[in-house]
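Survey of secondary and tertiary structure
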Amino acid sequence: MALRVGRSFQALLMALLGLFLLSRIWSGDILLYINQRFVVLVFLAGLAFVILAQVLYAERVSSQNEEESTKSFSKSNLWWLSIPILIGFLVPARPLSPTAVANRGISIDAPLSARIEDTSDLLSLSPTERTVLDWIRLFSFSENQQQFVGQPVDVTGFVFSDGRLSETQFMVGRFTITCCVADATALGMIVEYPQAAVLKQLGWVRVQGKLDLLERDGRMLPVILAESVEAVAPPAQPYLFP
Amino acid sequence: MFKQTPAVSSGWGERITAHLPVVILAGVLALAGIARLQQIFNWQIEWLLVLSDGMSNFSAVFLGIFIEAAPYLLLGTLASGLVEVFFSPEELVRLVPRSRFLAVGLGGLLGLFFPVCECGSIPLARRLMRKGVPVPVGIAFLLAAPVINPIVIASTFAAFGNTPIFWLRFALTLLIAVGVGLLFLFETDMSQIIRPMNADLAPSFHLDFGHDHHPNEQSPSLKQKFKKVLLIASDEFFEMGRFLVVGALLAALMQTFVPQTWLLSLGQGPILSVIVLTLLAVLLSVCSTVDSFIALAFSSTFSTGAVLAFLVYGPMVDIKATLMYLRVFRRKTVVILIVLPWLLTLVASAAINLWVR
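What you are looking at is a predicted structure, and each value in this text was computed from that prediction instead of being measured.

Cut-offs used in this document
Residues numbered from 1 in each chain as written. Chains lettered and ligands numbered in written order. Predicted model: local features only at pLDDT ≥ 70, side-chain atom pairs only at ≥ 80, totals over all residues. Helix = DSSP H or I, 4+ residues; strand = E, 2+ residues; numbered from the N terminus. Buried ≥ 20, exposed ≤ 12 C-beta atoms within 10 Å, placed from the backbone. Domains from an automatic or database assignment. Nonpolar A, V, L, I, M, F, W, Y, C, P; charged D, E, K, R; others polar. Axes fitted to C-alpha atoms, helices over the stretch in contact; angles between N-to-C directions. Left-handed = near helix turned anticlockwise from the far one by under 90°. Contact = placed C-beta atoms within 7 Å. Parallel < 35°, antiparallel > 145°, perpendicular 65-115°, else oblique. Core = buried A, V, L, I, M, F, W, Y, C linked by C-beta atoms within 7 Å. Pairing = 2+ DSSP bridges.

1. Focus: the overall build of chain A
For chain A, the helix and strand inventory stands at six helices and seven strands. Reading chain A from its N terminus to its C terminus gives the helix and strand order α-α-α-α-β-α-α-β-β-β-β-β-β. Expressed as a percentage of its 242 residues, the buried residues of chain A come to 40%.

Given below as structure tokens:
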């Protein structure tokens, strides 16, 4: 009897786990948790969980004839697995909020690949379509950074300022997710803007302006000379995937 | 039906875990409920806002780790089920080379054929050892497989290319895994190393119709065999899954409340930087298939040795792996499995920092 109940509970949890994964893929919320390249894997796992639930549920009936049904089934294992399912279904899917920058820090140059990347894809994008990540990548991997000076910039991100910046500067930042939210890294570009001090820290803004170079600690960094900075709603997909 | 028989609850781990999940579940739900009420009624009370924000970041990180790792854990338990059903102990032992040193070395390279990360290698390693593969071989496999496998080789190459770090990562991992594995050659009593099979796994394992017990019975059909693989896989998924849950909970807690910036500002010296990045590897608990991309982010601010240590030690030991180790091995063994690779990594990486650069 104990085993029978255990099997049913196990089957229920498996089914819920599978349905949770599949429903998050269906709604697109899965991208608030993991990089898109893992979605297929998670989809297959979701299907596998549903199939396993079916097998376990069928076993509920057949196993009662067998001798081991007197053995008590460990319930605590099952309770543990209900934690992600309940958190998943009950806590609304929300992206990592920019307040996490305080814990994680922000980087102005993440060398996203140590090899010289082929930047032709990024170069073929119209300058105003490039994201914060695209610009930082272009800068890391281009030999001639002067070619970008004066190009129009149109990026969206959250406002971040810290002691390293002057009063007329702020950073426009985005989180990048390589694997899952656990490795979220904030990337930021410096923006030159006279009214930087009045911007709401961590609020989302759209920055339009021209690109320029700034020398800092002996390195050339991209800086945006802002022409307009407007507050916007957080984008539906707040992360950038390298 | 919820009571645990004394025979089942062996050791401190069992006693704690018997009631802990319900307590944690209740606590998490209460906090989530308060945070949700704050969002619905839009109360602008400062500590509630902090709580609400922390809760949503916490659950994002927790679910991120869990969703990412669950498919790999399932792959590992499916592999374990396949080994259980389709290999008899005699067949498996025959595959192990006679020379013990050769066997341990091959154990370190076995990951090339089982491309699993740390969540998957632990159930598989335990299965192999219980089926008669010598413990040193199993431990070499356990420590090396998360790195020495085709997926991780590809992702490390994508991140670092043909650089010293790429080659050193695999060389050092193999060296440490085989070294630690060889150490276990001196302990001949397996029960001193591995915890006995617990009864809560018993239901499906008791079927055991592959070989010995009932030589007269007809061998089960392929369909029955596959059903058994699936049952073993799901039982093991639940058994190991709880450590994934606890590991992800702890990692998410630390990521929400312990500033990484603080940790990163601690050390830049040739030795301190190695210590800091190995600690960070444990805290982050990211899967070995992607950690090289994360290591890249540190390569501009940290020494080569420290980045290498992150790549070598992280896949061997992190929060969720440690909890799974506690399930499989005796506590003494777990301490060895955590400390010895750490010391070896530290020595090798510090040496690289001090003399090679």
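2. A few points about the domain arrangement of chain B
What the domain assignment lists for chain B is domain 1 (14-67) and domain 2 (85-356). Broken down by class, the residue content of the side of domain 1 of chain B that touches domain 2 of chain B amounts to five nonpolar, two polar and no charged.

3. A look at the packing of helix α12 (residues 272-284) of chain B against helix α14 (residues 304-316) of chain B
Residues and elements named next belong to chain B. Running from amino to carboxyl end, α12 crosses α14 at an angle of 30°, the nearest separation of the two axes being 8 Å. In this structure, α12 meets α14 at a crossing whose hand is right-handed. Of α14, the residues touching α12 (which contributes Ser273, Val274, Leu277, Thr278, Leu280 and Ala281) are Gly305, Ala306, Val307, Ala309, Phe310, Tyr313 and Gly314. Residue composition of the contact of α12 with α14, grouped by class: nine nonpolar, four polar and no charged.

4. Some words on the packing of helix α2 (residues 46-86) of chain B against helix α5 (residues 118-130) of chain B
Residues and elements named next belong to chain B. Between α2 and α5, the least distance of the axes is 7 Å, while the angle of their chain directions is 15°. Relative to α5, the element α2 is oriented roughly parallel. Considering only the axes of α2 and α5, their crossing is right-handed. Along the contact surface, α2 presents Ala69, Tyr72, Leu73, Leu75, Gly76, Thr77, Ala79, Ser80, Val83 and Glu84, while α5 presents Cys119, Gly120, Ser121, Pro123, Leu124, Arg127 and Leu128. Of the residues assigned to the contact of α2 with α5, the class counts are 10 nonpolar, five polar and two charged.

5. With respect to the nonpolar core
Counting 175 residues, the largest nonpolar core has Val191 of chain A together with Phe62, Ile65, Phe66, Leu277, Val307 and Phe310 of chain B as its most contacted members. The element that contributes the greatest number of residues to this core is α2 of chain B, accounting for 19 residues.

6. Points about helix α6 (residues 135-144) of chain B
Residue and element names in this part refer to chain B. A large share of α6 lies buried, amounting to 10 of its 10 residues. Taken as a whole, α6 has its buried residues at Val135, Pro136, Val137, Gly138, Ile139, Ala140, Phe141, Leu142, Leu143 and Ala144. The secondary structure elements touched by the buried residues of α6 are α4 (100-109), α5, α8 (164-183), α14 and α16 (331-356).

7. Structural notes on the pairing of strand β4 (residues 185-192) of chain A
Residue and element names in this part refer to chain A. Taking burial as the measure, the eight residues of β4 include seven buried ones, the bulk of the element. The sheet contact formed by strand β1 (residues 106-107) and β4 spans two bridges and is parallel. Among the inter-strand pairings, Ile106 is bridged to a residue of β4, identified as Ala186. Where strand β3 (residues 169-176) meets β4, eight bridges bridge the pair, whose relative direction is antiparallel. Looking at the pairing, Phe175 lines up with Ala186 of β4.

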